[in-house]
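Residue-level listing of the chains:
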Amino acid sequence: MTGPTLYYAPGACSLASHIALEEAGAPYETVRLNLQAGDQRGAAYLAINERGRVPALVEGAWVLTENSAILRHVARAHPDAGLWPENLRGQAIADEWLCWLSTNHHPTYAHIRRPGRYATDEDAFPGIQAKALDTYGDLCTMTEVRLSNGGWAVDGRYSVVDPYLLTFWTWAHGPACRFDMGERFPAWTAHARAMAERPAVRTVFAREGLDLPA
Ligand SMILES: N[C@@H](CCC(=O)N[C@@H](CS)C(=O)NCC(=O)O)C(=O)O
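These notes cover the structure that comes with them.

About the criteria used
Residues numbered from 1 in each chain as written. Predicted model: local features only at pLDDT ≥ 70, side-chain atom pairs only at ≥ 80, totals over all residues. Helix = DSSP H or I, 4+ residues; strand = E, 2+ residues; numbered from the N terminus. Rg over C-alpha atoms; globule rule 2.2 N^0.38 Å. Buried ≥ 20, exposed ≤ 12 C-beta atoms within 10 Å, placed from the backbone. Axes fitted to C-alpha atoms, helices over the stretch in contact; angles between N-to-C directions. Parallel < 35°, antiparallel > 145°, perpendicular 65-115°, else oblique. Left-handed = near helix turned anticlockwise from the far one by under 90°. Contact = placed C-beta atoms within 7 Å. Nonpolar A, V, L, I, M, F, W, Y, C, P; charged D, E, K, R; others polar. Core = buried A, V, L, I, M, F, W, Y, C linked by C-beta atoms within 7 Å. Domains from an automatic or database assignment.

## Section: the overall build of the protein chain
Here comes step 1: If you tally the helices and strands in the protein chain, you get 9 helices and 4 strands.
Here comes step 2: The C-alpha atoms of the protein chain give a radius of gyration of 17 Å, which matches the 17 Å a tight globule of 214 residues would have.
Here comes step 3: Projected onto its principal axes, the C-alpha positions of the protein chain cover 50 × 45 × 30 Å.
Here comes step 4: Burial status across the protein chain gives 35% buried among its 214 residues.

This is the structure we're talking about:
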């Protein structure tokens, strides 16, 4: 078996699952989708993930979607890679992080990038985007507070939470938000810079054509 196949789009939320697979150190393959071109809504991809979103992880005839599920699955499938906390409370905190990020940061950011999901009246888009930008900043502040002790997110040990955090850092830093990350979120930025030192992160950023946090 050649390992699972990850369907991803450069710089999208699938970045977290992509890094986790690379960190796991086992064989896997990737298929790149162009979201701007609408690949996610093409018949070929809808046959894999009828929700029309990335990421999707395919193992034979089995398909798993949702970053938080894929991250947990990859970590548990490769226990030797140490990507999931060993103790019960560490696991609970890792789950807390994955839930926090997937149910707060992700949908808030979607209001900035894809306001058409939330209103049909295009005149309403700027207001939705401006409020969502504020809210995304507030969420980033709450994340910064939790990272303020420094180091990796859970118990000071690297886990799949860390690449998920990096994904939302890149979005906050990127053209849709342009937050001054070092100034507003110094602990999270130190975390992003530490991520940028990891070989797996460098490999994945190069494959996706992204700039590493500096
Ligand atoms: N709840 C899903 C959300 C996945 C999602 O929204 N992915 C975005 C990229 S970040 C996507 O595929 N968007 C394409 C579209 O909306 O057409 C997860 O956490 O994995």
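## A short note on the packing of helix α1 (residues 14-24) against helix α9 (residues 199-208)
Here comes step 1: As a packed pair, α1 and α9 sit with axes 9 Å apart at the nearest point and diverge in direction by 130°. As judged from the angle between their axes, α1 and α9 are oblique. Viewed along their axes, α1 and α9 form a crossing whose handedness is right-handed. Contacts between α1 and α9 involve Leu15, His18, Ile19, Glu22 and Glu23 from the first element and Ala200, Val201, Thr203, Val204 and Glu208 from the second.
Here comes step 2: Taken together, the residues of the contact of α1 with α9 break down into 5 nonpolar, 2 polar and 3 charged.

## Focus: the nonpolar core
Here comes step 1: If you look at the biggest cluster of nonpolar residues, it comprises 49 residues, and the most contacted ones within it are Ala20, Leu71, Val74, Val160 and Val161.
Here comes step 2: Examining the composition of this core, we find that 8 residues originate from one element, helix α6 (residues 161-173), more than from any other.
Here comes step 3: Two domains each provide a minimum of three residues to this core, namely domain 1 (5-81) and domain 2 (88-198).
Here comes step 4: Filtering out sequence-adjacent residues up to four positions away, valine 161 remains in contact with Ala94, Trp97, Leu98, Ala153 and Val154.

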